[in-house]
Amino acid sequence: MFDIFFNPKLIILIILIITVLICLGIFKIREKNAQKIIAIGTLLMGIPAIGALCVLTYQTSQLKSSIDLQTRSIEIQTERFNLEKRPYLWVELKKRHIATGAVEKRSIFGGGNLHYYNKGEVPAGDIKLEFIVESDIIRTNELDKWFKEARGGFPQIKTVFPNQSDLYVGLHPFIGNMGNLPKLIFIGALITYTGMDKNKKYWYKAEWLYEIIYKIKIEKLEGKVKEQQEIQEVAFSPLKIYTDWDRNTNFEVPELKEPDWDYYLSIIGK
């Protein structure tokens, strides 16, 4: 609709019609209204400039709208490329278990295997894992320190290719003993990694908190030890499972924190 009013040919035609009408009536001009006619003529001379300015303003507005659409289209294509051409690394906790020590049967170890998966189209590199494995009995676990002293270092997985499987690390620290069985176990993992752009960091966070339910066998003995306890079965009842990721826009890495043990102990009534 506005194209009709801002058509340059139409504006020129209107100006010509007005000019002809004035010329037809020019013979009626007298000396007393000559100044009025001059003023009208001056105004008519400015009409083409006003029309041209209107046309220029309209065309500028149209050009700006076109540029905005093209800019947004480029932004959408860039966002889609960044979403498609990046790694999506995540971890899953498998083979959760509680076990007694091989030598000292009264020591309790627990946790699981942390498996890595990459569902993106490019490899995930520069991987760094932060983790917590604790219980309500052992609330400060230096598993990383133990790996350094006993194994020479924690087995960090640094690269995961798309659809690569069977990559995991075992997290099974000391969490209690038979005389003081842990009621809760917490496993938290925070992984940071990069894709094709090494300056762009991605992250994935996962937390698992379980209530541990035991089936204990009590064996009657003779002598100084009157009875002996043995764990027959263990069940894990989830209290909290939490996951989050960088969302491709927020690259500020969150912190990994242990749970409020007293709060969750009050929930399970122990």
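Residues numbered from 1 in each chain as written. Predicted model: local features only at pLDDT ≥ 70, side-chain atom pairs only at ≥ 80, totals over all residues. Heavy atoms only, no water.

Structural notes on the overall build of the protein
Here is step 1 of the chain: Secondary structure assignment for the protein yields five helices and eight strands.
Here is step 2 of the chain: Going residue by residue from the N terminus, the α and β elements of the protein occur as α-α-α-β-β-β-α-β-β-β-β-β-α.
Here is step 3 of the chain: Expressed as a percentage of the 270 residues in the protein, the buried residues total 31%.
Here is step 4 of the chain: If you take every contact in the protein between residues at least 6 apart in sequence, the share linking residues at least 24 apart comes to 73%. (Helix = DSSP H or I, 4+ residues; strand = E, 2+ residues; numbered from the N terminus. Buried < 20%, exposed > 50% of the residue type's maximum accessible area, 1.4 Å probe, protein only. Contact = heavy atoms within 4.5 Å.)

Considerations on the confidence of the model for the protein
Here is step 1 of the chain: Scored by pLDDT, the protein comes out at a mean of 80, with 67% of its residues at no less than 70.
Here is step 2 of the chain: Ranking the helices and strands of the protein by mean pLDDT puts strand β6 (residues 184-194) first, with 96, and helix α1 (residues 2-5) last, with 50. (pLDDT = per-residue confidence, 0-100.)

Thoughts on the side chain of Glu207
Here is step 1 of the chain: Note on placement: Glu207 falls in strand β7 (residues 201-220).
Here is step 2 of the chain: Take Glu207: its relative accessible area is 5%, and that puts it in the buried class.
Here is step 3 of the chain: One polar contact links Glu207 to Lys240, side chain to side chain, over a distance of 3.2 Å.
Here is step 4 of the chain: Non-local contacts of Glu207, meaning those with residues more than four positions away in its chain, are made with Phe186, Ile187, Gly188, Lys240, Ile241, Tyr242, Leu256 and Lys257. (Polar contact = N/O pair within 3.5 Å; in protein donor to acceptor, adjacent residues only side chain to side chain.)

Quick look at the packing of aromatic side chains
Given two aromatic rings, their pairing is described by the distance between the two centres and the angle made by the two planes.
Here is step 1 of the chain: Within this structure, the stated rule accounts for eight aromatic pairs.
Here is step 2 of the chain: An angle of 55° between the planes, with centres 6.1 Å apart, marks the rings of Tyr88 and Trp245 as tilted. Of this pair, Tyr88 sits in the loop between α3 (34-84) and β1 (89-100) while Trp245 is found in strand β8 (residues 227-245), placing the two residues 157 residues apart along the sequence.
Here is step 3 of the chain: Counting every residue linked through ring pairs, the aromatic cluster contains Phe131, Phe147 and Phe154.
Here is step 4 of the chain: The ring of Tyr202 carries Arg86 above its face, with NZ or CZ at 3.9 Å from the centroid.
Here is step 5 of the chain: Sitting over the ring of Tyr242, Lys240 keeps its end group 5.9 Å from the ring centre. (Phe/Tyr/Trp six-rings, centres within 6.5 Å; stacked < 30°, edge-to-face > 60°. Lys NZ or Arg CZ within 6 Å of the ring centre and 35° of its normal.)

Describing the pattern of salt bridges
Here is step 1 of the chain: Under the defined criterion, the tally for this structure stands at nine salt bridges.
Here is step 2 of the chain: In this structure, Asp246 engages Arg86 in a salt bridge whose closest nitrogen and oxygen atoms are separated by 2.8 Å. With Asp246 in the loop between β8 and α5 (261-268) and Arg86 in the loop between α3 and β1, this residue pair connects regions lying 160 residues apart in the sequence.
Here is step 3 of the chain: The class of Asp246 is buried, set by a relative accessible area of 0%.
Here is step 4 of the chain: The partner of Lys198 in a salt bridge is Asp126, with the nearest N and O atoms 2.8 Å apart. (Salt bridge = Lys/Arg side-chain N within 4 Å of Asp/Glu carboxyl O.)

Some details on the environment of Glu142
Here is step 1 of the chain: Tracing the backbone shows Glu142 in the loop between β3 (125-135) and α4 (143-151).
Here is step 2 of the chain: Relative accessible area serves as the criterion here: at 48%, Glu142 is assigned to the partly exposed category.

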